[in-house]
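Chain and residue survey
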Amino acid sequence: MNNISDELQKIVKEVDKQIAPKLAEIEDQIVYNQAKVLQAFQDNSVAEADLNGATGYGDDDIGRDKLDRVYAQVFDTEDALVRPQFVSGTHTLFTALNGNLKYGDTLTYLTGMPYDTLQKVIGLTDDKRGTLAEKGVKFSYVPLKDNLVDYDEAEKILRRDQPKVVAIQRSRGYSTRKTFTIDQIKEMIAFVKKVSPQSIVFIDNCYGEFSEKHEATEYGADLMAGSLIKNAGGGLAKMGGYIVGKKDLVENARLALTAPGCTDEGATIGNLHDFYEGFFLAPNVTGMAEKGMIFAAALFAKMGMNVTPAWDEKRSDIIETIIFNDPDKMIKFVQEVQKNSPIDSFVTPEAVPMEGYEDKIIMAAGNFVSGSTIEFSADGPVRPPYAVYMQGGLTYAHDKVAVINAVRDTFFNQK
Ligand SMILES: *Cc1c(COP(=O)(O)O)cnc(C)c1O
């Protein structure tokens, strides 16, 4: 690369050597997941005609229904609902919860307080309009203990509240806890099935898809949801979300998204081509993002920064957290990320209040798809410990170029 000092070149070479075995593990995972997705395409006889969605009511959107079956096979579930009508990940998660929680039911989060935007839809902030709380759904959560599930406390709370839905958030979101691995989630699911067998186990899988070889639904999770402008859309989906799980639970979500009597409706218009191709690419794109963050973790560690996960730690999403402990440095770094993006590289992001979030958020997102976080991006709420959440991008090469440049400008102060 040009404009990189000999000193930094040398460090990058060391990092390349250091992380090589870890990158090989990711390659192995990509092949495993790619085979799984390819098999689902073949078993469902995906044809060229399926790539063209219907218009209007979408009553005969054959490609849409087939894509649901492809998702269901990959996630090992009875049914799936993959739709462009989901406006965001939050809306997708909300629809899954809203469809399955009635007046008087309790929703319990096993993994501490949920992600910021979920707090809002549950009704934990001032504005209760349209929230689960407004329709009479009760909420409780099990506070984490040393950033892990507190099983003793959880047993008490589950026995006390008899929740209809027990939710598990896989990814860290904007917290400094670690992302839960599939092995940990497997243990959580087994625990809930034992202590509260009547509860629906629901997984917020945002950022998790294809970041390991297995998914929570393979280990008994009943319902799971995520965003298509994160991993599952492979960078090509322009919008949308997915819900997978048991047939009756997915049907309840379908009712909540549409209306009674209209559950066969919902045209995909021009989105199916991107949804199919993006899902086909998703194992590779997710792996590239993980590789990029492994590189970043190792390089930032060499710069003396506090990062999590460490480069050699088990990953279960595409996020790297870098702790700055300083608002100015945090903001400067996010601006550097924006500078190294393909789109809007000339724009300087600033910290602003954002709908759904309690603190000011700063976001670098020079992306092809607005707000997409399966493209190289970095963001975070401007609050202590001033952590930046960086998401790996579409290609390992871009992550590498961008991270090296950002490190150069942050730590070596040369042009
Ligand atoms: C991104 C994310 C969401 C919400 O998705 P949006 O598309 O931003 O609405 C929910 N939960 C977790 C853990 C996430 O990472």
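Preceding block: the structure.
Quick look at the structure, then. Bear in mind that the values here come from a model prediction, so they are computed numbers and not experimental data.

1. Concerning the packing of aromatic side chains
- Scanning the model with the defined rule gives 16 aromatic pairs in all.
- For the ring pair Tyr71 and Tyr242, a centre distance of 5.5 Å and an interplane angle of 50 degrees mean the geometry is tilted. One end of the pair, Tyr71, is in helix H2 (residues 62-75); the other, Tyr242, is in strand S7 (residues 241-245), with 171 residues separating them in the sequence. The same class applies to Tyr71 and to Tyr242, which are both buried.
- With a centroid separation of 4.8 Å and 65 degrees between ring planes, the pair formed by Tyr151 and Phe191 is classed as edge-to-face. Of the two residues, Tyr151 sits in helix H5 (residues 151-161) while Phe191 sits in helix H6 (residues 182-195), which places them 40 residues apart along the sequence.
- For Tyr151, a relative accessible area of 23% corresponds to the partly exposed category.
- By relative accessible area, Phe191 is classed as buried at 11%.

2. Side note on the site of the ligand
- Around the ligand, a shell composed of Ser88, Gly89, Thr90, Leu93, Tyr115, Leu118, Gln169, Asp204, Cys206, Tyr207 and Lys230 is seen.
- Here a nitrogen atom of the ligand sits 2.7 Å away from a polar atom, N or O, in the side chain of Asp204.
- In this structure, an oxygen atom belonging to the ligand sits 3.0 Å away from a side-chain N or O atom of Lys230.
- Protein burial of the ligand: of its 380 Å² of free accessible surface, 90% is covered by the chains.
- The greatest single-element share of the shell around the ligand, amounting to three residues, is contributed by helix H3 (residues 89-100).

3. Examining the pairing of strand S4 (residues 165-169)
- Counting buried positions along S4 yields five of five residues, so the element is predominantly enclosed.
- What you see with S4 is no split at all: Val165, Ala167 and Gln169 on one side and Val166 and Ile168 on the other are buried throughout.
- Summarising the sheet, strand S2 (residues 106-109) and S4 pair through three bridges and their orientation is parallel. Residue pairing across strands places Thr108 opposite Val166, the latter belonging to S4.

4. Things to note about the sheet that holds strand S12 (residues 387-391)
- Here five strands make up an open sheet; going across it, the order is S8-S9-S12-S11-S10 and the pairing antiparallel. Two strands in the sheet have a free side with no partner beyond their single neighbour: strand S8 (306-308) and strand S10 (361-364). Direction aside, the axes of adjacent strands within the sheet are offset by 20 degrees on average.
- Sheet topology places strand S9 (residues 319-323) next to S12; five bridges connect them, and they run antiparallel. Counted as the bridge partner of Ile322 is Val388 from S12.

5. Looking at the nonpolar core
- By size, the foremost hydrophobic cluster in this structure holds 43 residues, and its most contacted members are Tyr71, Leu110, Ile203, Tyr242 and Phe279.
- For Phe279, the residues in contact, after removing those within four places along its chain, are Val37, Phe41, Val70, Tyr71, Val74, Phe75, Phe210, Ala232, Gly233 and Asp274.
- Counting residues in each nonpolar core, the second largest holds 41 residues, with Ile11, Ile19, Ile26 and Phe295 among its members.

6. Some words on H3
- In this model, H3 (twelve residues) spans 17 Å end to end at C-alpha, consistent with the 16 Å of a helix rising 1.5 Å per residue.
- Within H3, ten of the twelve residues are buried, which leaves it mostly tucked inside the rest of the structure.
- Every buried residue of H3 is accounted for by Gly89, Thr90, Thr92, Leu93, Phe94, Thr95, Ala96, Leu97, Gly99 and Asn100.
- For H3, the side-chain oxygen to backbone nitrogen distance between the N-cap and Thr90 is 3.4 Å, and the N-cap itself is Ser88.

Rules behind the numbers
- Residues numbered from 1 in each chain as written.
- Predicted model: local features only at pLDDT ≥ 70, side-chain atom pairs only at ≥ 80, totals over all residues.
- Heavy atoms only, no water.
- Phe/Tyr/Trp six-rings, centres within 6.5 Å; stacked < 30°, edge-to-face > 60°.
- Helix = DSSP H or I, 4+ residues; strand = E, 2+ residues; numbered from the N terminus.
- Buried < 20%, exposed > 50% of the residue type's maximum accessible area, 1.4 Å probe, protein only.
- Near = heavy atom within 4 Å.
- Polar contact = N/O pair within 3.5 Å; in protein donor to acceptor, adjacent residues only side chain to side chain.
- Areas by Shrake-Rupley, 256 points an atom, 1.4 Å probe, with all protein chains shown as cover.
- Pairing = 2+ DSSP bridges.
- Axes fitted to C-alpha atoms, helices over the stretch in contact; angles between N-to-C directions.
- Core = buried A, V, L, I, M, F, W, Y, C linked by side-chain atoms within 4.5 Å.
- Contact = heavy atoms within 4.5 Å.
- Expected span 1.5 Å × (residues − 1).

Without other data, these values stay purely geometric and don't point to any function.
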